[in-house]
There are 2 protein chains.
Amino acid sequence: MNIYTKSNAEYTLGKKKAPLVLKNGRVFNVFTNEIIRADVALADGMIVGIGEYEGEREENLDGRYVVPGFMDAHLHLESTLLNPTQLISQALIRGTTTYIVDPHEAANVSGLDGIRYIIEETRQCRANVYVMAPSCVPSVPFEKSGARIEAEDMEGMLSWPEILGLGEVMDVPAVLNLEDGMMKKLSLFRERGRVIDGHGGSLDERESALCRMAGIRTDHECTTYEDAMREARNGIHILIREGTAARNLTAIVRGILEHGTSTDSFSFCTDDKHIEDIIRDGHISHNIRKAISLGLDPREAYKMATIHTARCYHLDGLGAVAPGYQADLVVLDDFEKVAIHSVYYRGERVQGILPKPCRIPKPLLNTVHVDYPGIEVFRMPLETGRQPVIEVQPGEIVTKLSFEDVPVENGRFAPSDTHQKLLLFERHHGTGMVGKGILKGFSIRGGALASTVGHDSHNLIVIGDDDESMDRALRELIRVQGGYTVVKKGTEPMTLPLEIMGLMTAVPYQDVQKRLKKMIEEAHSLGVPSGIDPFITMSFLALPVIPEVRITSMGVYDTKQSCWYQVK
Amino acid sequence: MNIYTKSNAEYTLGKKKAPLVLKNGRVFNVFTNEIIRADVALADGMIVGIGEYEGEREENLDGRYVVPGFMDAHLHLESTLLNPTQLISQALIRGTTTYIVDPHEAANVSGLDGIRYIIEETRQCRANVYVMAPSCVPSVPFEKSGARIEAEDMEGMLSWPEILGLGEVMDVPAVLNLEDGMMKKLSLFRERGRVIDGHGGSLDERESALCRMAGIRTDHECTTYEDAMREARNGIHILIREGTAARNLTAIVRGILEHGTSTDSFSFCTDDKHIEDIIRDGHISHNIRKAISLGLDPREAYKMATIHTARCYHLDGLGAVAPGYQADLVVLDDFEKVAIHSVYYRGERVQGILPKPCRIPKPLLNTVHVDYPGIEVFRMPLETGRQPVIEVQPGEIVTKLSFEDVPVENGRFAPSDTHQKLLLFERHHGTGMVGKGILKGFSIRGGALASTVGHDSHNLIVIGDDDESMDRALRELIRVQGGYTVVKKGTEPMTLPLEIMGLMTAVPYQDVQKRLKKMIEEAHSLGVPSGIDPFITMSFLALPVIPEVRITSMGVYDTKQSCWYQVK
């Protein structure tokens with residue numbers, strides 16, 4: 001947008017009153033680290049002057065602080081179960097005006113159409129939403145996801161205005177082994193100077209160096225200061241994550257403080273944060289507040305939430321309260337407590353109104369295509385009791401692989417308090433592929449759970465001890481075309497439909513929360529231990545990039561040995 | 001350049017010996033501010049690893065410091081009187097591996113051909129030479145320069161790989177008044193995200209804000225900390241200048257130290273630095289050394305000479321000693337004293353060998369086209385003794401305008417110890433335009449000086465008290481097609497030919513220095529006071545963007561009133 005116009009120049013030079021002036025602010029300058037008493041003159045959604053100004057309209061800030069709108073450097077909008085605008089409208093009133101999203105889940109189910117939906121849906125938000133092109137669809141080559149995105153498919157995306165760069169490169173072995181497909185994707189973005197997000201976490205010096213040479217510029221997976229510094233030394237920008245499940249801020253910020261490290265190489269992100277946590281704690285505002293509470297200079301914390309991110313992602317014109325910058329502002333009652341008084345996006349005060357959902361393309365509402373052979377598939381005939389078992393750990397997404405004697409009756413697996421049936425149905429292409437496994441840790445007695453949310457391929461997962469309940473659960477999710485369901489033997493299913501790609505719903509979050517609460521209670525009443533969130537834990541049972549063992553459409557997958565076991 | 005190749009990966013991962021390893025260094029990491037004991041592995045002119053490495057070839061650094069090659073963020077190569085490679089080969093062995101040059105003088109004489117010559121000539125240097133497209137050719141609209149460069153002419157330049165952005169925008173009034181031609185140039189570069197260099201100096205808050213909105217991102221003209229901060233607050237990057245004439249480092253760095261200001265908004269440049277000063281003091285190494293001697297943390301000083309500049313100019317892959325970065329390195333015996341042991345460019349040790357000059361296009365050797373009416377032009381008939389007088393000040397380039405009684409004899413101006421003749425001949429297009437003025441401060445008795453170096457239009461200037469000597473000086477510079485000359489009445493001219501555009505010579509700098517020394521002595525023996533460098537002072541007498549009064553081809557120009565006076 002060209003802000004250098006005759007009328008704006010007259011505002012800037014004070015020859016004419018600007019359309020809107022925020023009077024008597026304390027403006028935080030991210031370039032000089034100063035807090036300066038000044039008015040902020042706005043026009044055309046941009047800042048046209050900082051200093052003494054008069055406006056056609058004036059709002060008195062009464063000495064309140066003005067900081068740039070916050071930026072979430074990396075998040076997945078799909079992980080809330082809600083259509084994307086619901087998360088944004090809640091995070092927006094908490095100060096986050098810029099979102100760099102990776103529509104990885106949508107892409108795994110619906111490919112480019114899924115990405116386009118996220119873009120269309122968020123376009124109506126009064127926020128800056130940028131998209132990183134998902135790099136690993138599917139997340140590993142053998143996976144049966146709804147779509148594949150190859151380098152060739154990505155060439156067209158480079159011209160989409162929302163696309164900033166290449167999304168989190170999770171397939172690190174493909175980078176380290178210079179695999180062809182990955183090299184093509186990396187070079188496509190690297191050669192055009194686009195940002196490439198990494199997914200390293202705890203790489204050693206040499207691996208991190210090679211990732212940097214491949215073009216990777218960020219990492220949001222570091223959980224310790226030491227991991228972060230190994231990457232930062234290679235010029236990789238660290239996105240400090242504080243979300244619902246993964247919380248790395250305390251460890252990394254403590255290290256920064258202890259070593260007096262400059263914050264220049266650091267930004268904030270949430271990765272995955274549920275709406276109830278956003279409502280309770282805030283969004284990026286929470287990262288800032290927590291960092292300050294640990295002892296970080298508040299100015300450094302605000303810079304990590306604003307200008308550092310803008311620089312990393314080449315978002316010229318965002319991240320500062322300065323002339324020529326977009327008027328995305330947060331007005332604070334208290335600088336250290338991050339007490340938000342009001343939020344401006346493009347010079348207009350944000351009201352927190354949810355935009356009308358966009359028209360959802362039909363194919364995205366019709367994504368559960370299971371070639372279901374019938375209830376017999378749940379029988380699970382076993383030749384011997386000694387079987388590979390997937391064990392979940394309370395509060396963790398890593399699983400444990402063991403080989404155990406499981407109960408067998410009449411030549412069939414007989415679930416017990418300890419061992420349950422776990423089946424995964426390929427649900428995108430109706431291939432009829434079914435993976436069968438034995439699960440430890442869910443303890444369902446007399447019922448079943450099912451879900452179409454199953455990272456990253458989002459096939460249909462059913463857990464239970466009772467074949468009729470499992471059959472019912474599966475049929476229910478085919479009927480509603482995706483969602484969560486819980487079935488107590490002999491009763492009707494309780495269901496949360498996730499009609500959009502089987503991942504999200506346009507139902508308001510309050511209703512979703514209420515329904516989900518009841519369903520979780522029902523799951524616990526069926527036996528799921530209190531330390532396990534039944535649907536979230538279930539959603540990670542299929543993720544083959546996380547150790548130690550997973551269920552896939554080809555059977556039980558040992559992530560360490562990269563091999564499959566068939567239960568038989 | 002793609003560094004992410006199978007063979008480089010093997011070097012990085014330590015599976016194969018790298019072609020060259022610098023062993024046992026103390027590597028300064030610009031991202032983390034750490035100094036780390038490590039080897040530096042090099043391949044393909046790039047850094048492929050920092051850590052423990054073995055090489056096919058190894059050089060032992062014996063614990064010496066390794067820092068990134070220095071960057072001069074803004075300089076004019078023409079101002080040394082030497083063809084560009086001479087300056088670079090001297091500065092290179094003093095650690096400067098990257099040059100962001102503005103070929104403003106070459107462009108004013110020879111337009112795009114002049115710029116192309118600078119690019120061709122420097123391409124052979126073992127250094128990174130980037131070019132900012134000169135924005136003000138001529139420097140003010142009325143000037144009679146050798147070429148005009150309009151926005152339309154610049155469109156093609158955008159695809160030249162050496163062109164980074166738009167060169168110093170000296171015509172600040174054109175920016176503040178949103179003049180059409182300037183707006184076109186600015187938008188051409190701004191809309192493509194290219195860097196635009198400013199030339200503000202001491203703008204007020206509002207002017208600086210408007211420059212920022214116009215797209216200007218740097219300023220190298222700030223002489224005080226306060227001026228610098230007014231710009232920095234608007235996100236303008238400050239290039240701290242320390243050259244031959246203008247020296248702003250002490251003032252600005254003292255301010256930084258006093259206020260504890262972050263160095264993030266600051267870089268170093270020389271703007272204009274003569275080769276003898278480079279040889280005596282160093283180049284950017286001198287800026288670093290001086291900043292450290294003032295008390296700046298050496299690490300901050302090195303960052304201002306490297307990564308800050310790389311970031312400002314979007315020079316991804318330069319400015320750090322890290323994997324994936326170009327292997328431009330300075331090895332230091334002493335970190336605080338900037339004692340240079342050796343310099344590497346693209347992984348090869350720099351030897352300081354002068355490259356062979358490129359073939360100079362004929363038109364660039366034939367640029368002095370004066371339509372000379374004969375010796376009568378020097379007579380200067382005057383009607384009255386009261387005349388506008390241009391007064392030079394020792395050690396300054398600003399001049400003073402006064403109206404004084406000057407000696408008149410036989411209806412003609414009669415030079416004295418105080419008042420001299422000053423004539424400027426349009427020399428590019430043979431228009432026959434001659435500007436006449438009266439100069440105070442040169443005190444030449446019995447002789448003349450002449451020059452084709454006259455910022456920024458580089459017309460032919462003659463000063464003297466004796467018409468025959470002035471005629472002889474002028475004819476001499478036509479004969480040699482540009483240069484400096486000094487003529488003592490009745491003797492042969494002493495001349496330094498500057499055959500390349502009348503600005504530069506391919507003669508080795510040692511010979512130039514010897515010759516120039518003698519000529520300056522001769523000028524002083526003719527009466528030029530010792531506080532005045534005759535040729536440098538003369539070269540600024542025509543520069544209409546500096547107060548208070550100048551000689552132009554249209555007469556004596558009052559820069560404050562923007563009007564001309566004719567001497568008559």
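Residues numbered from 1 in each chain as written. Chains lettered and ligands numbered in written order. Predicted model: local features only at pLDDT ≥ 70, side-chain atom pairs only at ≥ 80, totals over all residues. Heavy atoms only, no water.

K.L.:
Which residues make up the pattern of salt bridges, and what values go with them?
P.N.:
Using the criterion set out here, one finds 64 salt bridges over all chains in the structure. Among the charged side chains, a network of salt bridges with common partners joins Glu 120, Arg 123 and Glu 162 of chain A. (Salt bridge = Lys/Arg side-chain N within 4 Å of Asp/Glu carboxyl O.)

K.L.:
Just give me the short version of the packing of aromatic side chains, but keep the residues and values in it.
P.N.:
In this structure the tally under the stated criterion is 28 aromatic pairs over all chains. Their ring planes at 55° and their centres at 6.4 Å tell us that Phe 28 of chain A and Tyr 302 of chain A sit as a pair that is tilted. Linking Phe 28 of chain A in strand β1 (residues 18-28) with Tyr 302 of chain A in helix α12 (residues 298-304), this pair joins segments that are 274 residues apart in sequence. Exposure remark for Phe 28 of chain A: the relative accessible area of 1% places this residue in the buried category. Ring centres of Phe 403 of chain B and Tyr 565 of chain B lie 5.2 Å apart, and the angle between their planes is 85°; this geometry places the pair in the edge-to-face category. Of this pair, Phe 403 of chain B sits in strand β18 (residues 399-405) while Tyr 565 of chain B sits in strand β29 (residues 563-565), and the two are 162 residues apart along the sequence. Here the aromatic cluster, defined as three or more aromatic residues joined through ring pairs, consists of Phe 28, Tyr 65, Phe 70, Tyr 302 and Phe 335 of chain A. Here the basic side chain of Arg 206 of chain A rests over the ring of Tyr 53 of chain B, its NZ or CZ set 4.7 Å away from the ring centre. (Phe/Tyr/Trp six-rings, centres within 6.5 Å; stacked < 30°, edge-to-face > 60°. Helix = DSSP H or I, 4+ residues; strand = E, 2+ residues; numbered from the N terminus. Buried < 20%, exposed > 50% of the residue type's maximum accessible area, 1.4 Å probe, protein only. Lys NZ or Arg CZ within 6 Å of the ring centre and 35° of its normal.)

K.L.:
Break down the relation of the copies chain B and chain A for me, with residues and values.
P.N.:
Screw-axis analysis of chain B against chain A gives a translation of 0.0 Å along the axis, an RMSD of 0.0 Å, and a rotation angle of 180°. Considering both components of the superposition, the chain copies are consistent with a two-fold axis. Of the interface residues in chain B, 100% have counterparts in chain A that sit at the interface too, so the contact is made through matching surfaces. (Least-squares fit on C-alpha atoms with pLDDT ≥ 70 in both. Contact = heavy atoms within 4.5 Å.)

K.L.:
Please give an account of the sheet that holds strand β26 (residues 494-497) of chain B that cites residues and values.
P.N.:
Residues and elements named next belong to chain B. Taken together, eight strands build an open sheet; the order of strands is β18-β17-β22-β21-β24-β23-β25-β26 and the sheet is mixed. Every interior strand has two partners, whereas the edge strands, β18 and β26, have only one. Taken over all neighbouring pairs, the strand axes of this sheet differ in orientation by 25° on average, direction set aside. When strand β21 (residues 419-425) meets strand β22 (residues 434-440), the two strands line up antiparallel, connected through seven bridges. Residue pairing in the sheet places Lys 421 in a bridge with Ile 438 of β22. Helix-sheet contacts for helix α15 (residues 509-525) involve β23 (447-451), β25 (483-488) and β26, and the interaxial angle to β26 is about 140°. (Pairing = 2+ DSSP bridges. Axes fitted to C-alpha atoms, helices over the stretch in contact; angles between N-to-C directions.)

K.L.:
Tell me what's going on with the environment of Leu 166 of chain B, and back it up with residues and numbers.
P.N.:
Inspection of the secondary structure assignment puts Leu 166 of chain B in strand β9 (residues 163-166). Setting aside anything within four residues of it in sequence, one finds Leu 166 of chain B in contact with Met 132, Ala 133, Ser 135, Met 154, Lys 185, Leu 186, Phe 189, Val 195, Ile 196 and Asp 197 of chain B.

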